[in-house]
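Here is how the chains run, residue by residue.
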Amino acid sequence: MKSSFRVCGRCGHGLSQYNPDPLCAPCSRGGDITRIPDRAWRDEQVHRALSAWDFGELLRLLRRRSGLSQMAVRSLTGLTQSFISDLERGRKHLGGGEAIIDFLNGLGLPADLRPLLLTPFGEPDRGASNGPLDPALPWNSDRMVTSLEFAVGGVMKRRGVLALSGAGLTQYVLQSTIAAPEAMASMSPNGSRVTVPLIASLEATTDALRHMDASSGSGSLAATSLGHLKILVRLLKHGSYDEARGRRLAAATADAATQAGWYMFDGGNHAKAQRLFLAALRAAHASGDSRLTAAALSFLAIHGYSVGDPRDAVTAARTARLSISDREAPALQAMLLTRQARGHARLREESAARAALEEARVLCAQGRGEDDPHWLYWIKPGEILGQTASCLLDLGRPTEAAESFDAARHELSQEEIRTTAQFLSRAATAHMQTKNPDAGWGIAQEVLSLVDGVHSARLDDHLRSMLAEVRRFEDSPAARDLLERGESVMKGRAAA
């Protein structure tokens, strides 16, 4: 499957996912580039259609005001003429967030009109409000602080539901990449002065917690990370800082909120984790650093394919890739592709999963790019092989999965115990699903020797899945011994 996250090498406009060439259709023809004139975008009816996300009406109005034919629109968007006709008549709809982004990029949506897309879906009939998670809330610094306070459990003026999914989550995800920039300076005379050394020390704390997580898991970090995040939120709300320091403070907050969300997710608190990821998106948007937006979206993708809707995972990962399309960050792109592939695999979309994994492998082989973030140290060929193996396991191909896990083992870090244990538990499961379960039992014994002192609900889920596979072989004395040991380990973990 070809990726849609590309831009024309000549004019810089987005390329349709259906266009395999490096140039958009008008540029590839040379000469004058057919575009929708700016005057067509300035019509009030066009604005209303854009605000309502009525893309069929939007296209009909733009063509009427610009005089473009459906064939000309086809050259801009890559859509077929029959689809364009059905879209204008309301018989077809754009299928998902990435298709909407392709469509609007192709039409050349002016940047100053992007905020119109923040109008909520069908506001009069919305029903129950999502409170601070409502995707209709404006993307400004006040709402950023509100969502962060809600996420960490502060006192709120409004009540809201605990999670977003489907259309609401898709809208929130898209808005994180299209909302207008927000001012970050806060010169409160009574606020504490936020200095660069102070922000740097808070950033260092987030990094230290990140490295601890890979070894000992989230159990000992969740409460600490929330306390750390509360300090950052309080500085955002009450501190005094100029624009530059405000954006760096927002960046530090986004990173800390994303990590706190991960610790909550790893500890089994999935609803609170999602609230933190969504709040991190707002802080990342305020920072102006698209890599932080991509990071928060990548964790939303994990949330989607692990405990939510895998379609949400695909949307989040693809939108994240779009957000960094102007960055030289092959490692970050590769990581996002593995998240996308996991979503495809859970949906049993094998060709899409394999295509994403192959693109991730090629990008990873390029090495780190100029814009790859420092915290992405773990994206290596072994990680791609491990994620490939996990996808193959989800796709019901255990033999291929076992081979991929075996190929990845030499990349494991002895210091990252939690990560290694999770990897090996999946490897053991894959081997037990093949015709050679003895190898799986041996790996399972290794896993049980590693997990003492590692606190992670997510690891516990992997252990339970691994032991469920062992139970299929209860007639074997070796399997019974392994099960007895495994049940003892799980009892000890439950009591800890």
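Residues numbered from 1 in each chain as written. Predicted model: local features only at pLDDT ≥ 70, side-chain atom pairs only at ≥ 80, totals over all residues. Heavy atoms only, no water.

**Here's the deal with the overall build of the chain**
- The helix and strand tally for the chain stands at 23 helices and 2 strands.
- Across the 496 residues of the chain, 55% fall into the buried class.
- Contacts spanning at least 24 positions in sequence make up 69% of the contacts within the chain whose residues lie at least 6 apart.
- Working note: accessible area of the chain is about 21200 Å², and carbon and sulfur atoms make up 50% of it. (Helix = DSSP H or I, 4+ residues; strand = E, 2+ residues; numbered from the N terminus. Buried < 20%, exposed > 50% of the residue type's maximum accessible area, 1.4 Å probe, protein only. Contact = heavy atoms within 4.5 Å. Areas by Shrake-Rupley, 256 points an atom, 1.4 Å probe, with all protein chains shown as cover.)

**Some details on unusual backbone geometry**
- Not every positive phi belongs to a glycine, and Arg348 is a case in point at roughly 60°.
- Looking at the element boundaries, Arg348 is found in the loop between helix H16 (330-346) and helix H17 (350-365).
- Owing to a relative accessible area of 56%, Arg348 belongs among the exposed residues under this scheme.

**Examining the pattern of salt bridges**
- Within this structure, the stated rule accounts for 28 salt bridges.
- For Arg327, the salt bridge goes to Asp289, with nearest N and O atoms at 3.4 Å. Here the residue Arg327 occupies a position in the loop between helix H15 (310-323) and H16, and Asp289 occupies one in the loop between helix H13 (270-287) and helix H14 (290-307), the gap between them amounting to 38 residues.
- For Arg327, a relative accessible area of 25% corresponds to the partly exposed category.
- Ionic pairing is found between Glu358 and Arg361, a salt bridge with its closest N-O pair at 2.6 Å. One end of the pair, Glu358, and the other, Arg361, are both in helix H17, 3 residues apart, so they sit about a helical turn from each other.
- One salt-bridge network, held together by shared partners, links Glu350, Arg354, Arg397 and Glu400. (Salt bridge = Lys/Arg side-chain N within 4 Å of Asp/Glu carboxyl O.)

**Some details on the packing of aromatic side chains**
- For the structure shown, the criterion picks out 6 aromatic pairs.
- Each ring, one from Phe55 and one from Phe103, has its centre 6.1 Å from the other, and the planes form 70°; the classification is edge-to-face. Taken together, the residues Phe55 in helix H4 (residues 55-66) and Phe103 in helix H7 (residues 97-107) connect sequence positions 48 residues apart.
- The buried category is assigned to Phe55, whose relative accessible area is 7%.
- Between the aromatic rings of Phe405 and Phe423, the centroid separation amounts to 5.2 Å while the plane-to-plane angle is 85°, which identifies the pairing as edge-to-face. Taken together, the residues span a long stretch of sequence, with Phe405 in helix H19 (residues 398-408) and Phe423 in helix H20 (residues 417-432) at a distance of 18 residues.
- For Phe423, a relative accessible area of 6% gives the class buried. (Phe/Tyr/Trp six-rings, centres within 6.5 Å; stacked < 30°, edge-to-face > 60°.)

**Some details on H19**
- Among the residues of H19, Pro398, Ala401, Ala402, Ser404, Phe405 and Ala408 are the ones counted as buried. Along the long axis of H19, the arc covered by the buried residues comes to 165°, so they all point the same way.
- On its buried face, H19 sits against helix H18 (381-394) and H20. (Arc of directions from axis to C-beta.)

**Some words on the confidence of the model for the chain**
- Summing up the model confidence of the chain, the mean pLDDT is 84 and the portion of residues at 70 or higher is 84%.
- Element-level mean pLDDT values for the chain span from 52 in helix H1 (residues 25-29) up to 96 in H16.
- In this model residues 1-5 is a low-confidence stretch, pLDDT under 50, and it forms 16 contacts with partners more than four residues away in sequence or in other chains.
- This model gives residues 29-33 a pLDDT under 50, and the stretch forms 6 contacts once residues within four places in sequence are excluded. (pLDDT = per-residue confidence, 0-100.)

**Focus on the packing of H20 against helix H21 (residues 437-450)**
- In the contact formed by H20 and H21, the axes pass within 8 Å of each other and the chain directions differ by 160°. Put simply, H20 runs roughly antiparallel to H21. Read as a crossing pair, H20 and H21 show a hand that is left-handed. On H21, the residues touching Ile417, Thr420, Ala421, Leu424, Ser425, Ala427, Ala428, His431 and Met432 of H20 are Pro437, Ala439, Gly440, Trp441, Ile443, Ala444, Glu446, Val447 and Leu450.
- Among the residues forming the contact of H20 with H21, the class breakdown is 13 nonpolar, 4 polar and 1 charged. (Axes fitted to C-alpha atoms, helices over the stretch in contact; angles between N-to-C directions. Parallel < 35°, antiparallel > 145°, perpendicular 65-115°, else oblique. Left-handed = near helix turned anticlockwise from the far one by under 90°. Nonpolar A, V, L, I, M, F, W, Y, C, P; charged D, E, K, R; others polar.)

**A word on empty space enclosed by the protein**
- This structure, assessed with the given rule, holds 2 cavities of 30 Å³ or more.
- What the second largest cavity holds in volume is close to 40 Å³.
- The wall of the second largest cavity is formed by Leu169, Thr170, Val173, Leu300, Asp312, Thr315 and Ala316.
- Counting only elements with at least two residues in the lining of the second largest cavity, the list comes to helix H9 (166-178) and H15.
- Here the residues of the lining of the second largest cavity sort into 4 nonpolar, 2 polar and 1 charged. (1 Å grid on protein atoms, 1.4 Å probe; cavity = no way out; pocket = protein on both sides within 12 Å on 5 of 7 lines; lining within 4 Å. Points joined across faces, edges and corners; volume = space filled by probe spheres on them.)

**Section: the side chain of His228**
- Structurally, the position occupied by His228 is in helix H11 (residues 222-238).
- We classify His228 as buried; its relative accessible area is 8%.
- Non-local contacts of His228, meaning those with residues more than four positions away in its chain, are made with Leu202, Thr205, Thr206, Leu209 and Ala256.

**Observations regarding the environment of Leu62**
- In this structure, Leu62 sits in helix H4.
- The class of Leu62 is buried, set by a relative accessible area of 0%.
- Separated by 16 residues in sequence, Leu62 and Val46 place their C-alpha atoms 7.1 Å apart.
- Leaving out residues up to four positions away in the same chain, Leu62 has contacts with Ile36, Ala40, Trp41, Val46 and Leu107.

**Here we look at the packing of helix H12 (residues 243-266) against H13**
- Two elements in contact, H12 and H13, have axes whose closest approach is 8 Å; the angle formed by their N-to-C orientations is 165°. Looking at the two axes, H12 sits roughly antiparallel to H13. The crossing of H12 and H13 is left-handed. For the pair H12 and H13, the contacting residues are Arg247, Ala250, Ala251, Thr253, Ala254, Ala257, Thr258, Ala260, Gly261, Trp262, Met264 and Phe265 in the first and His270, Lys272, Ala273, Leu276, Phe277, Ala280, Ala283, Ala284, Ala286 and Ser287 in the second.
- Residue composition of the contact of H12 with H13, grouped by class: 15 nonpolar, 5 polar and 2 charged.

**Structural notes on the environment of Phe423**
- Considered as a pair, Phe423 and Glu383 are 40 residues apart in the sequence and their alpha carbons are 9.7 Å apart.
- If we ignore the near neighbours within four places in the chain, the residues touching Phe423 are Gly386, Phe405, Ala408, Arg409 and Leu412.

**A short note on helix H6 (residues 81-88)**
- Of all 8 residues in H6, 6 are buried; the element is thus mostly enclosed.
- The complete set of buried residues in H6 reads Phe83, Ile84, Ser85, Asp86, Leu87 and Glu88.

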